[in-house]
Structures are given as structure tokens and as C-alpha cells.
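Okay, here's what each chain looks like letter by letter:
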There are 2 protein chains.
Amino acid sequence: MPPRYEVIGVEGIPEVRPGDDVARFIVDAAARQSTPLRAADLVVVGQKIVSKAEGRLVRLADVTPSPVALSMAAGLGRDPRLVEVILRESRRVVRMDQGVLITETHHGWVCANAGVDQSNVELDCVALLPEDPDRSARLLRDRIRDLAGADVFVIVADTFGRPWREGLTNVAIGLAGFAPLRSYLGERDPAGRPLQATILALADELAAAAEPVMGKLDRIPAAIVRGIALTPGEEGSKPLLRDPVRDLFR
Amino acid sequence: MPPRYEVIGVEGIPEVRPGDDVARFIVDAAARQSTPLRAADLVVVGQKIVSKAEGRLVRLADVTPSPVALSMAAGLGRDPRLVEVILRESRRVVRMDQGVLITETHHGWVCANAGVDQSNVELDCVALLPEDPDRSARLLRDRIRDLAGADVFVIVADTFGRPWREGLTNVAIGLAGFAPLRSYLGERDPAGRPLQATILALADELAAAAEPVMGKLDRIPAAIVRGIALTPGEEGSKPLLRDPVRDLFR
């Protein structure tokens with residue numbers, strides 16, 4: 001039997017508000033569409049509904065930009081209140097040019113606008129990334145186990161741009177239950193030579209795999225990846241962060 | 001019905017040699033495992049078997065390093081013959097540090113070692129990327145149509161590293177039959193606001209989706225992605241190349 005797996009969008013998740021039980025929404029919606037969650041399923045959840053449920057929303061009218069934010073915003077041609085929020089969510093500015101602000105978040109992710117996003121939230125509001133996406137993923141995993149009796153894996157995902165290539169791809173910013181990297185270190189090719197490209201970012205590949213069935217208009221904010229054998233692990237997403245000393249693009 | 005698709009590894013493809021008919025290998029192997037290719041399937045093929053079939057192999061014993069390659073190789077602690085091959089495959093060096101050589105290939109892809117790889121080829125040989133991976137994809141597509149009567153889409157994929165994040169992911173370096181970017185430009189969120197993250201790199205996400213069923217040890221060098229609706233397009237992979245003037249990391 002060839003290796004195979006399936007990716008299934010979860011439809012019918014309602015609009016999420018602060019305090020909502022996202023795990024219940026996903027469990028119920030998956031059951032309603034006759035794809036109830038099963039043990040070893042990987043559940044990929046869009047960051048936006050996690051942030052909303054956790055109340056990670058900021059009303060721009062309530063933000064007073066600092067002098068630094070005012071100055072940067074003028075150079076970028078952006079809303080100074082938005083720049084203020086982005087800087088609060090960042091520990092370092094990586095690039096600032098052509099209206100683009102790329103920063104390193106407090107979690108260590110490098111992305112545009114520190115992941116702060118204005119789409120699919122109320123007007124005049126912005127959504128921040130979850131404060132601790134690995135914790136968010138663990139809580140979703142625990143709650144799904146309680147509700148559905150299924151021991152699943154969880155990814156909290158967001159769409160990030162990347163250098164050199166057009167278009168965003170979905171990546172894992174938090175995860176629970178499995179090891180995000182798959183290593184071939186020590187294995188050899190048929191010629192007996194150690195493999196070169198030895199560590200694959202499996203969690204990012206599976207987050208990417210989920211995106212094509214997820215709706216950018218926020219109508220399908222979660223997907224089930226079914227049939228992939230994952231290696232249990234409790235390190236969360238941290239192994240996906242490149243050590244800055246080994247990074248040539250900071 | 002929720003949106004769903006499936007990813008199926010293609011087992012039993014023999015060791016590929018220059019001049020081999022890779023399309024026939026894939027068509028036959030897919031049929032043997034009872035997943036014959038169907039119209040609208042996306043076939044993701046690892047770059048290595050395409051390069052081998054196209055004879056894109058270089059014996060290091062036949063390479064005379066230039067003075068520049070000798071000097072760079074000394075700084076990097078690498079084989080000067082390998083550095084010579086990498087430089088020949090490159091139009092620009094993007095970063096050179098810590099033993100890592102990141103270049104822009106003649107196609108415009110930015111990656112480590114210009115995609116030159118020593119794994120899964122004969123000892124003392126290296127494999128280059130296909131000369132024109134879009135053409136390779138088109139030829140595979142045409143040949144599969146002839147052999148299987150199925151109008152499929154094709155991606156030629158390789159695993160590339162990326163800044164800031166650990167681990168490689170599979171990306172598209174050539175493709176045929178569909179538009180690699182999916183755009184939401186002009187669409188609005190439920191609050192009526194134009195969507196921010198508007199262009200997704202669908203081809204890279206589907207290349208990534210294929211990787212978990214493909215064998216790094218070269219035993220499963222192709223996969224079928226079945227059930228995704230793709231938009232026909234004849235531009236190949238070019239839309240995935242970011243315009244250098246809009247790239248902040250060169």
C-alpha cells in the first residue's frame with residue numbers, strides 16, 4: 001500500500017468571539033460534516049480564530065503612537081497606531097523598507113508586521129498573534145481530547161511571506177503533541193553516502209498542506225490532516241526557530 | 001461536502017538513468033499500486049530523478065576549479081570542484097558564510113549550493129537542477145497525456161532551506177498546466193475590508209504537501225495530489241520568482 005494521507009476542510013465554524021470555545025466549534029463542525037475527529041488526526045487551526053477567542057484584539061482608536069512609531073510610520077507610509085502595535089509585538093526590526101515592516105516577534109518568528117493583521121476582524125480593530133501559540137495548541141489538544149475522546153495533534157498556523165519567492169505560505173507558529181522536524185541524520189543513500197538535506201520542516205509542510213482547503217475569507221479556519229504518522233514530542237514549535245547565530249539573513 | 005484532497009506516494013519507480021522515460025515510470029508505478037493517474041491529478045516529481053533522466057550529472061573528477069572557486073572553497077572549507085560546479089550554476093552569490101554558499105541560480109531561484117546535490121547519485125558525481133524545470137514539467141505533462149490519456153498538472157520540486165526557520169521544505173522549481181499563485185486581490189472580508197494577505201503560493205504549498213509521502217532516500221520520488229481544483233495557466237513557475245527590486249533580502 002502506498003503512503004497516503006488526506007486533508008479535509010472543517011466547514012461551519014461560527015464567527016469566533018473572545019472567550020469562545022474554539023475546540024468545541026471544531027469538534028462539532030467536524031462531526032456535523034461526517035468527518036468526526038479521530039485519534040492521530042492532525043488539526044490545523046488558523047491563528048486568527050485562536051487570537052479572537054483569546055481576546056488578542058486591539059482597537060486602533062485606543063492606541064497612542066510613540067514618537068518612534070510616528071517617525072517610522074511616516075517613512076513607511078503606514079498608520080502610526082498600527083506601527084505602534086507592531087513594535088509592541090516585536091523584539092527587533094529585521095527590515096523596514098518599501099512600506100514593509102519585517103520584525104522578529106517576542107516568540108522569535110520573523111514575519112511582516114509581527115503577524116498583526118487587519119483582515120477578518122471588526123473595523124478599526126487588529127488581531128495580534130496568540131501570546132503563546134504553543135500553549136494555545138496544547139490547550140486545544142487537551143480540550144479536543146476531553147470533548148471528542150480523540151488524542152489529536154494540533155498546529156496553530158499563519159500565512160507568512162518569505163524572501164525571494166512570491167506568495168505567502170501557511171506555516172506553523174505553535175503546535176502540540178509531535179516533533180515538528182523530521183530528521184534523516186545518520187541515514188545513507190543507496191551509494192552509502194550520508195544524506196545531505198537531512199532535516200525537513202514537517203510541521204510547516206503540513207501547515208502548508210492544510211491551507212488549500214482553508215478559506216482566506218475566514219469561512220474555513222481549520223482543517224484535518226488524516227493519515228500521516230507523526231513522532232510524539234512535547235517541545236512545541238521551538239525546534240522550528242533557527243538559532244540566530246546560524247542565520248545569515250538577520 | 002467539505003473541501004478535501006488526497007496525497008498519494010508513488011512507489012516502485014526504478015533507479016533512473018540518463019535517457020530514461022520518467023513519465024512512463026510514474027504512469028506504470030501508479031497503475032501497479034492501483035492509483036492510476038486521472039485527469040486533473042497534480043503529479044509532484046522530485047527534481048533528482050528529472051535531473052538524472054536529463055543527464056544533469058557531473059563527475060567531480062572531471063572538474064577543474066577556477067582560481068575563484070579555489071579561493072572560495074578554502075574560505076568555506078568545501079571541495080573546490082564542488083564550489084566550481086555551484087558557481088557555474090549560479091548568476092549571483094547571495095551569502096557565503098559558515099560553510100554555506102547561497103546563490104541565485106540561472107533560473108532565478110535562491111537556494112543553497114545552487115541546488116547542486118550529492119545525495120542519491122553515484123559516488124564522485126553531483127546532480128544539477130534541470131536546465132529548464134518548466135520545460136521538464138511540460139514534457140512530463142505531455143508524455144503522461146500520451147501514455148495514460150490523462151490531462152494532469154505537474155510540479156518539479158526540490159527541498160530548499162529558508163531564512164529564520166529550521167528545516168527544509170519542498171517547493172516548486174518548475175511546473176506545467178496551472179497558475180502557481182492564488183490571488184484574493186479585490187476580495188473583501190466579512191467587515192467589507194480588502195483582504196491583506198492576498199496572494200498565496202499554492203504551488204509551493206502543494207509541493208510541500210507532497211513531501212511527507214516522498215522518500216528522502218529516493219525510493220518514492222513522486223506523489224499524486226488528487227482533488228484540488230487548479231486554475232489553468234501556462235506561465236510555468238515564473239510567477240513564483242519575486243522581482244529583485246521588491247525583495248529586501250538580496
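See the structure above.
Bear in mind the structure is a predicted one, so any value in this text is a computation, not a measurement. Here the residue numbering is sequential within each chain, running from 1 through the sequence in written order. Working convention: letters from A go to chains and numbers from 1 go to ligands, in the order in which they are written. The predicted origin of the model limits local features to residues at a pLDDT of at least 70 and limits the giving and counting of side-chain atom pairs to 80 or more, whereas totals for whole chains, interfaces and linings rest on all residues.

Chemist: Got a minute to help me understand the relation of the copies chain A and chain B in this structure?
Modeler: The relation between the two chain copies is a rotation about an axis coupled with a shift along that axis. Taken as rigid bodies, chain A and chain B are interconverted by a rotation of 180 degrees and an axial shift of 0.0 Å, the fit giving an RMSD of 0.0 Å. Expressed as an axis order, the relation between the two copies is that of a two-fold axis. What counts as a contact is two residues whose backbone-derived C-beta atoms lie within 7 Å of each other. The residues that chain A uses at the interface reappear at the interface of chain B in 100% of cases, marking a shared surface. We superpose the copies by least squares over the C-alpha atoms of residues that have a pLDDT of at least 70 in both of them.

Chemist: Help me out: how do you make sense of the sheet that holds strand S6 (residues 110–112) of chain B in this one?
Modeler: Sheet strands line up and pair through hydrogen bonds in the backbone, either parallel or antiparallel. Residue and element names in this part refer to chain B. With antiparallel pairing, three strands are arranged side by side in an open sheet as S4-S5-S6. The sheet terminates laterally at strand S4 (90–97) and S6, the two strands that pair on one side only. Across the sheet, the mean angle separating the axes of adjacent strands is 25 degrees when strand polarity is ignored. A strand pair is defined by DSSP finding two or more bridges across the two strands. Counting from the N terminus, the helices are the DSSP runs of H or I reaching at least four residues and the strands are the DSSP runs of E reaching at least two. Bridge count for S4 against strand S5 (residues 100–105) is six bridges, and the pairing is antiparallel. Bridge assignment links Arg95 to a residue of S5, and that residue is Ile102. What counts as an axis is a line fitted to C-alpha atoms, over the stretch in contact for a helix, and the angles between N-to-C directions run from 0 to 180 degrees.

Chemist: Would you mind showing me how to read the environment of Gly46 of chain B here?
Modeler: Residue and element names in this part refer to chain B. Mapped onto the secondary structure, Gly46 falls in strand S2 (residues 42–46). Placed 127 residues apart in sequence, Gly46 and Ile173 show a C-alpha to C-alpha distance of 9.9 Å. Those residues in contact with Gly46 that lie beyond four places of it in its chain are Ala157, Met214, Pro221 and Ala222.

Chemist: Explain the sheet that holds S2 of chain B here, please?
Modeler: On the basis of which strands lie adjacent, the open sheet formed by 10 strands has the order S9(A)-S8(A)-S2(A)-S12(A)-S1(A)-S1(B)-S12(B)-S2(B)-S8(B)-S9(B) and mixed pairing. With one partner strand each, in any of the chains shown, strand S9 (169–176) of chain A together with strand S9 (169–176) of chain B form the two edges of the open sheet. Shown here is a sheet whose adjacent strand axes are inclined to one another by a mean of 25 degrees, direction ignored. Across five bridges, strand S1 (residues 4–9) of chain A lies against strand S1 (residues 4–9) of chain B in antiparallel orientation. Within S1 of chain B, the residue paired with Arg4 of chain A across the bridge is Ile8 of chain B. Its contacts with the sheet place helix H5 (residues 133–148) of chain B against S2, strand S8 (153–160) and S9 of chain B, and it is angled at close to 70 degrees to S9 of chain B. Lying on the sheet, helix H6 (residues 202–210) of chain B is in contact with S9 of chain A together with S1, S2, S8, S9 and strand S12 (222–226) of chain B; it crosses S9 of chain B at an angle near 120 degrees.

Chemist: Even after reading the chapter, I still don't get the interface of chain A and chain B, so can you show me in this structure?
Modeler: The accessible area lost on association of the parts is a frequent measure of interface size. On the side of chain B, 69 residues touch chain A, which itself brings 68 residues to the contact. Contributions of two or more residues to the side of chain A that touches chain B are made by S1, strand S4 (90–97), strand S5 (100–105), S9, strand S11 (199–200) and helix H6 (202–210) of chain A. Amino acids outside the nonpolar list (Ala, Val, Leu, Ile, Met, Phe, Trp, Tyr, Cys, Pro) and the charged list (Asp, Glu, Lys, Arg) are all regarded as polar, and Gly is one of them. Looking at the side of chain A that touches chain B, its residues break down into 35 nonpolar, 12 polar and 21 charged.

Chemist: Can you walk me through the packing of helix H1 (residues 22–32) of chain B against H5 of chain B in this structure?
Modeler: Axes are the key here: two packed helices are described by the angle between their axes and the distance separating the axes. Residues and elements named next belong to chain B. Running from amino to carboxyl end, H1 crosses H5 at an angle of 50 degrees, the nearest separation of the two axes being 9 Å. In terms of their interaxial angle, H1 and H5 are classed as oblique. The two elements H1 and H5 meet at a crossing, and its hand is right-handed. Residues Val22, Ala23, Arg24 and Val27 of H1 form the contact with H5, whose participating residues are Leu140, Arg143, Ile144, Leu147 and Ala148. Tallied by class, the residues present in the contact of H1 with H5 amount to seven nonpolar, no polar and two charged. We call two directions roughly parallel when the angle between them is under 35 degrees, roughly antiparallel when it is over 145, roughly perpendicular when it lies between 65 and 115, and oblique otherwise. Left-handed describes a crossing in which the near helix is turned anticlockwise from the far one by less than a right angle; the clockwise case is right-handed.

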